[in-house]
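Below, each chain spelled out in residue letters.
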Amino acid sequence: MFPYCTDPSTLEGLTWLSCYLTTTKHMMLFYSLGTVLLLLAITAPVALSFGFAGAMAAKSHIAPLSWVGKLYIAIVRGVPDIAFFLFFVIALDQGFEWLRHQIKCPDWDQPIRQGNDFVVCAAAKLPLNDAPQWVHEVYGFSLAVLTFSIVFGAFAANVLYGAMRAVPHAQMETAYAYGMTRRQAFWRVLVPQMWVYALPGLSNLWMVLIKATPLLFLLGVEDIVYWARELGASKTPRYTDYPHPDWRLWYFLGLLVFYLSFTRVSEIVLERIMRRLSHGQATAAGEAMRRAEA
Amino acid sequence: MSCLQIIQDYGLRSLGIGERLLPKTDFTLCHQFTLIGSGMLWNIYFGIVALIAGFFLATALAMGKNATNPVIRKPAEWFIFVFRGSPLFIQFFFGYFLFLSLKKLVPAFAPFTDAWIGALVVLFFNTAAYSGEIFYGALRTVPKGESEAADAYGFSGWKKFRRITWPTTLRLAWPAYTNEAIFLFHATTLVFFSGFPAWRQQGDALYYASYFAEKTFNPFIPYPILAGYFILLTLIVITVFGLINKRLNRHLPQEYRRKIRLRPRLIR
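Residues numbered from 1 in each chain as written. Chains lettered and ligands numbered in written order. Predicted model: local features only at pLDDT ≥ 70, side-chain atom pairs only at ≥ 80, totals over all residues. Heavy atoms only, no water.

A. Summary view of the overall build of chain A. Along its length, chain A carries ten helices and two strands. Reading the helices (α) and strands (β) of chain A from amino to carboxyl end gives α-α-α-α-β-β-α-α-α-α-α-α. Projected onto the principal axes, the alpha-carbon positions of chain A cover approximately 80 × 70 × 30 Å. Buried positions account for 45% of the 294 residues belonging to chain A. Across chain A, every contact between residues at least 6 apart in sequence was considered, and the portion connecting residues at least 24 apart equals 66%. With an accessible surface of roughly 16200 Å², chain A has 64% of that area assigned to carbon and sulfur atoms. Each charge sign in chain A was given a centre, from 23 positive and 20 negative side chains, and these centres are 13 Å apart. (Helix = DSSP H or I, 4+ residues; strand = E, 2+ residues; numbered from the N terminus. Buried < 20%, exposed > 50% of the residue type's maximum accessible area, 1.4 Å probe, protein only. Contact = heavy atoms within 4.5 Å. Areas by Shrake-Rupley, 256 points an atom, 1.4 Å probe, with all protein chains shown as cover. Lys, Arg positive; Asp, Glu negative; His and termini not counted. Charge placed at Lys NZ, Arg CZ, Asp CG, Glu CD.)

B. View of the packing of helix 2 (residues 24–59) of chain A against helix 9 (residues 248–278) of chain A. All names here are of chain A. Two numbers describe how helix 2 lies on helix 9: the axes approach to 14 Å, and their chain directions differ by 30°. Viewed along their axes, helix 2 and helix 9 adopt a mutual orientation that is roughly parallel. Read as a crossing pair, helix 2 and helix 9 show a hand that is right-handed. Here His-26, Leu-29, Leu-33, Val-36, Leu-37 and Leu-40 of helix 2 lie close against helix 9, whose contacting residues are Tyr-251, Phe-258, Tyr-259 and Phe-262. Grouping the constituent residues of the contact of helix 2 with helix 9 by class yields nine nonpolar, one polar and no charged. (Axes fitted to C-alpha atoms, helices over the stretch in contact; angles between N-to-C directions. Parallel < 35°, antiparallel > 145°, perpendicular 65-115°, else oblique. Left-handed = near helix turned anticlockwise from the far one by under 90°. Nonpolar A, V, L, I, M, F, W, Y, C, P; charged D, E, K, R; others polar.)

C. Seen up close, the packing of aromatic side chains. Counted under the stated rule, the structure contains 47 aromatic pairs over all chains. Considering the side-chain rings of Phe-33 of chain B and Tyr-229 of chain B, the 6.3 Å spacing of their centres and the 70° angle between planes classify their relative orientation as edge-to-face. With a gap of 196 residues between them, Phe-33 of chain B in helix 2 (residues 29–66) and Tyr-229 of chain B in helix 9 (residues 222–248) connect regions that are remote in the sequence. The exposure class of Phe-33 of chain B is partly exposed, given its relative accessible area of 41%. Considering the side-chain rings of Phe-89 of chain B and Phe-93 of chain B, the 5.1 Å spacing of their centres and the 75° angle between planes classify their relative orientation as edge-to-face. Of the two residues, Phe-89 of chain B and Phe-93 of chain B both sit in helix 4 (residues 88–105), four residues apart, roughly one turn of that helix. Each member of the pair, Phe-89 of chain B as well as Phe-93 of chain B, is classed as buried. Through successive ring pairs, a cluster of aromatic residues spans Phe-217 and Phe-252 of chain A together with Phe-89, Phe-92, Phe-93, Tyr-96, Phe-97 and Phe-196 of chain B. (Phe/Tyr/Trp six-rings, centres within 6.5 Å; stacked < 30°, edge-to-face > 60°.)

D. Summary view of the UniProt feature "transmembrane region" (unreviewed entry) in chain B. All names here are of chain B. In the numbering used here, UniProt assigns the "transmembrane region" (unreviewed entry) feature to residues 44–64, 76–99, 181–200 and 220–244. Segment residues 44–64 splits into 100% helix and 0% strand. End C-alpha atoms: 29 Å apart. Secondary structure content for residues 76–99 is 92% helix and 0% strand, while the C-alpha to C-alpha distance between its ends is 23 Å. (UniProt positions renumbered as here; feature names shortened; annotations may be inferred.)

E. Spatial organisation of the interface of chain B and chain A. Facing 43 residues of chain B, the contacting portion of chain A comprises 40 residues. Summed over both partners, the interface of chain B with chain A comes to about 3800 Å²; 77% of that surface belongs to carbon and sulfur atoms. Between chain B and chain A we count zero salt bridges in total. Viewed at the interface, chain A and chain B are joined by four residue pairs in polar contact (both at pLDDT 80 or more). Put simply, the parts of the chain that give the side of chain B that touches chain A at least two residues each are helix 3 (70–85), helix 4, helix 8 (205–216) and helix 9 of chain B. (Buried area = accessible area lost by both parts, 1.4 Å probe. Salt bridge = Lys/Arg side-chain N within 4 Å of Asp/Glu carboxyl O. Polar contact = N/O pair within 3.5 Å; in protein donor to acceptor, adjacent residues only side chain to side chain.)

F. Focus on the nonpolar core. Residues and elements named next belong to chain A. Of all hydrophobic cores here, the largest spans 142 residues; its most connected members are Phe-148 and Phe-152. Looking at this core element by element, the count peaks at 17 residues for helix 5 (residues 133–166). Residues Ile-112, Phe-118, Cys-121 and Ala-124 belong to the second largest nonpolar core, which totals six residues. (Core = buried A, V, L, I, M, F, W, Y, C linked by side-chain atoms within 4.5 Å.)

So this is what it looks like as structure tokens:
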């Protein structure tokens, strides 16, 4: 990285460290921090929309739709989430391949499950066997994002469902009394007001989502946990210019500090948002703020 | 091979009793039920031991965080912050490599690199921090009147804490603590995916479930079995904690009793 890094064996102390921390492999580690942020940036809105759809379904007056929504909320709780992560990655992959198989190879006559194998025709493989490496990586990452969104969508649905029920019922009755239809009252009265009730739950969910990101490792994505293990393992002079003993302890300490500061910063930001949203609301927090100002 | 035979061979496989090798081919439903159930023993062991040990540390942490003396308060606050603010997954990795390094300095730490005690220590600290925060919250909401009444009757110091404050704290914290307990059992599934090696393939329920999913390439059988076992475990935990809750609330009039609502708190 730096010009003085050409011969690492002559370096000492901080200069050695500065060269060590900027090797190509370490760049991959920093790049994977970006992957975590990207995952959060995509998953949060997608999971929120899954959650909104789930909550709407659960609140629906059409019985089957309401069952589907409630089942979606209930099923992800009560069972360890890691099991879902491991399950969905394979299940989604096989599901997509099966769908493509049905469309692309309609005249395939062999069974898809042959003993312990899952066989689809070559054209239905995802990604295709001759696809470049980056397509494989993007596909793996998208599966991970989808899995996270499904699991966290259920958690968000639960929070939003609770928030919808927390909006004072008199508000809805007033809306009906003014002649609004069910749909109008939902979008114009319920939805704008539910966010302040949902925010504590959603911010808790955000913290949980941050803390779930290292599970990407289990989904086969080369994330920070992967690189911390890889880079921290002891290196002999034969294979690298920067030999060192087993440093995995320090790498994981670094990750621990990274996550601690990340959650702390989020906590502070969310507290500010909550203050802003509570302003002028008919809740205990809003009332306290009104009193403090008066 | 009959199912009874399989249960005899693999029922205690996770503890190293019975057949030495895992089945390689011809996986029947019975195999999957038996081995995953056998793995549940680990989840139950980790959950129960960490929960019981963590309960006492949690009480100490809650009192520490509530103390006025900063020498006691600050360490408790930091302990809770570190364990609640970082992912359990990273804590497991960090713990494992910490014990690995300690082993080189002090040979007495050698057993800690095994899951049965090393992971247990991490889980113990983790659940103590989460429950400590719950107990702390409850400690702060103990009604002022009860404390004043205790003063009026001449209670003070340890006796006041033991007889008045602590029972009320527990009563207030119990619904949230139930969720923490359910959730701790779920968290035990992470152990064998996070550095701690499964010695001779003696793993927990999720370890075997993922083994089957990998071998048969069919996730639709082992994971629902695992889910079934965990729902059963969750129901048992709710029942046991419900009974304790009933006992804690036995002196209250019916309408004041706090019901336990099932709201497990996701991932840590």
